Amino acid sequence: MTKIKIALQKSGRLHVESIKTLNDCGIYLNLCYKDKLRVLAKNYPIEIFFLRDDDIPKYIQNGIADIGIVGKNVVCEQQKDFLIKERLGFGVCKLVLAIPKDSKYKNVKDLFGKRIATTYPNLLKVFLKKHNISSDIVSISGSVEMTPDLKVADAICDIVSSGETLFKNNLKEIDQVFLSEAVLLCCPESNKKHLVNMLLSRIIVVKTARKYKYIFFFATKKKLDKIYYFLMKNKPMEIKIIPISIPIRNSQYINIQSIVEENMVFQTILKLKIYGAKNIIVLPIQGINI
Ligand code: PRT
Ligand code: ZN
């Protein structure tokens, strides 16, 4: 039987969420996969390759794997953007320019002729070119944050997520070079297009659902108009589902159900409580087909 081959990061920041994405699509791996490099899915004709993230774009381009998950920063640094099929919304981070805290430089323009250490020379080159700045790119393979202290560079260009590493190393961000998140790669010349497209659409359904929650509650009929207006006003643009209200026999209460953006859940609950809503239940959504 034809198998879809999927390349995922073996360990590291994208590993857990990548596996979770497959699980959310209903694809489960055989137990004890932890130390293996090739694993079969339990319930689908799918084989997973666990790789270093830097190798994933190559595997996809050469057709060794059909689908892969990796940081956009890695793909674009390797100039293989054409492999990107979909953004996945996790592993969010940014590539930034940072300098020692006591330095007076304010932005990229102040780095003209200065030394910038990075593991992302290509992305940095593109950014400097866009701003017409000529700097000395010091290309290294790790521990970039130490280089200003060691006088190897005047500034760094590195990935930041919480900002803790910059803070601990007495560095401050001065400019954003590139925004990144995990992306789904697809081999453009895959001979399993039909199977791959089926899996892709399932991943998109799961990804869409992750952004929303299902909200279920009770309210009195006389508050329905206000609640309905509030929910419609805050309804996700992307989704054409309107809130539904279900009358309850012999009761002044009605049951209302709607979909809200995850980052609006807290505000929505507060507002609904003001309108006297009761028994508010928030549920995760398994999938949304738009
Ligand atoms: O072993 P392998 O080669 O597969 O993994 P890796 O060590 O090269 O990559 P890994 O696991 O560290 O990161 C995988 C991907 O996660 C990256 O390519 C990014 O797309 C994404 N990502 C998200 C990050 C971060 N957040 C992140 N914070 N990648 C790296 N970092 C590092 C950064 O380089 C810096 O050293 O974390 C430090 C900064 O973190 P904060 O939280 O202190 O700001
Ligand atoms: Zn790597």
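Residues numbered from 1 in each chain as written. Chains lettered and ligands numbered in written order. Predicted model: local features only at pLDDT ≥ 70, side-chain atom pairs only at ≥ 80, totals over all residues. Heavy atoms only, no water.

Focus on the environment of Ile-116
Step number 1: Of note, Ile-116 is situated in strand 7 (residues 115–118).
Step number 2: A relative accessible area of 0% places Ile-116 in the buried class.
Step number 3: Each residue touching Ile-116, except ones within four places of it in the same chain, is listed here: Leu-97, Leu-111, Leu-124, Leu-128, Ser-135, Asp-136, Ile-137, Val-138, Ala-153, Ala-155, Ile-156 and Cys-157. (Helix = DSSP H or I, 4+ residues; strand = E, 2+ residues; numbered from the N terminus. Buried < 20%, exposed > 50% of the residue type's maximum accessible area, 1.4 Å probe, protein only. Contact = heavy atoms within 4.5 Å.)

Side note on the sheet that holds strand 1 (residues 4–9)
Step number 1: Spatially, the 6 strands line up as an open sheet ordered 2-3-1-4-11-5, and their pairing is mixed. Here the strands that pair on one side only, and so sit at the sheet edges, are strand 2 (38–40) and strand 5 (84–87). Between one strand and the next, the sheet's axes are offset by a mean angle of 25°, whatever the strand orientation.
Step number 2: Pairing between strand 1 and strand 4 (residues 67–71): 2 bridges, direction parallel. (Pairing = 2+ DSSP bridges. Axes fitted to C-alpha atoms, helices over the stretch in contact; angles between N-to-C directions.)

Section: the sheet that holds strand 14 (residues 253–261)
Strand pairing in a sheet is mediated by backbone hydrogen bonds. Such pairs are either parallel or antiparallel.
Step number 1: The strand order 13-14-12-15 describes an open sheet built from 4 strands, whose pairing is antiparallel. Here the strands that pair on one side only, and so sit at the sheet edges, are strand 13 (244–247) and strand 15 (278–284). Recorded for the sheet is a direction-independent mean angle of 20° between the axes of neighbouring strands.
Step number 2: Summarising the sheet, strand 12 (residues 212–220) and strand 15 pair through 5 bridges and their orientation is antiparallel. Each bridged residue has a counterpart across the sheet, and for Phe-218 the counterpart in strand 15 is Lys-278.

Some points on a nonpolar patch on the surface
Step number 1: Residues Met-146, Leu-150 and Val-152 make up a contiguous nonpolar surface patch of roughly 250 Å² in combined accessible area.
Step number 2: Within the fold, Leu-150 resides in the loop between strand 8 (136–139) and strand 9 (155–160). (Patch = residues over 30% accessible without salt bridge, like charges linked within 9 Å, V, L, I, M, F, W, Y side chains within 5 Å. Areas by Shrake-Rupley, 256 points an atom, 1.4 Å probe, with all protein chains shown as cover. Salt bridge = Lys/Arg side-chain N within 4 Å of Asp/Glu carboxyl O.)

Quick look at the pairing of strand 11 (residues 182–186)
Step number 1: Among the 5 residues in strand 11, 5 count as buried, and that is most of the element.
Step number 2: Alternating positions in strand 11 separate into two faces, Ala-182, Leu-184 and Cys-186 on one and Val-183 and Leu-185 on the other, with burial throughout.
Step number 3: Taken together, the 5 bridges between strand 4 and strand 11 define a ladder with antiparallel strand orientation. The partner of Ile-69 across the bridge, within strand 11, is Leu-184.
Step number 4: As paired elements, strand 5 and strand 11 share 3 bridges and run antiparallel to each other.

Brief notes about the packing of helix 1 (residues 15–24) against helix 6 (residues 193–210)
Step number 1: The interhelical angle for the contact between helix 1 and helix 6, taken along N-to-C directions, is 105°, at an axis separation of 9 Å. For the element pair helix 1 / helix 6, the angle class is roughly perpendicular. Across the interface between the two elements, Glu-17, Lys-20, Thr-21 and Asp-24 from helix 1 touch Arg-202, Ile-203, Val-206 and Arg-210 from helix 6.
Step number 2: Tallied by class, residues from the contact of helix 1 with helix 6 come to 2 nonpolar, 1 polar and 5 charged. (Parallel < 35°, antiparallel > 145°, perpendicular 65-115°, else oblique. Nonpolar A, V, L, I, M, F, W, Y, C, P; charged D, E, K, R; others polar.)

Quick word on the pairing of strand 1
Step number 1: Among the 6 residues of strand 1, 5 are classified as buried, and the element is accordingly described as predominantly covered.
Step number 2: Inspection of the sheet shows strand 1 paired to strand 3 (residues 46–51) by 6 bridges, in the parallel sense. The residue bridging Leu-8 from the neighbouring strand is Phe-50, located in strand 3.

Examining the packing of aromatic side chains
For any pair of aromatic rings, the description rests on two quantities: the centre-to-centre distance and the angle between the ring planes.
Step number 1: Inspection of every chain in the model, using the stated rule, returns 2 aromatic pairs.
Step number 2: Aromatic side chains Phe-49 and Tyr-59 sit 6.5 Å apart centroid to centroid with 65° between the ring planes, which places their arrangement in the edge-to-face category. Here Tyr-59 lies in helix 2 (residues 56–61) and Phe-49 lies in strand 3, a separation of 10 residues in the sequence.
Step number 3: The interplanar angle of 85° and the centroid separation of 5.7 Å between the aromatic rings of Phe-216 and Phe-218 together place this pair among those described as edge-to-face.
Step number 4: Judged by its relative accessible area of 23%, Phe-216 is partly exposed.
Step number 5: Residue classification places Phe-218 among the partly exposed positions, given a relative accessible area of 22%. (Phe/Tyr/Trp six-rings, centres within 6.5 Å; stacked < 30°, edge-to-face > 60°.)

Some words on the site of ligand 1
Step number 1: Near ligand 1 you find 21 residues, and of these Arg-52, Asn-73, Ser-162, Gly-163 and Thr-165 are the closest.
Step number 2: Between ligand 1 and Ser-161, the relevant distance is 2.8 Å, taken from a nitrogen atom to a side-chain nitrogen or oxygen of the residue.
Step number 3: Isolated, ligand 1 exposes 830 Å² of accessible area, and the fraction of that covered by the protein chains is 79%.
Step number 4: Counting residues per element, the ones that place at least two in the shell around ligand 1 are helix 3 (72–77), strand 9 and helix 5 (164–168). (Near = heavy atom within 4 Å. Polar contact = N/O pair within 3.5 Å; in protein donor to acceptor, adjacent residues only side chain to side chain.)

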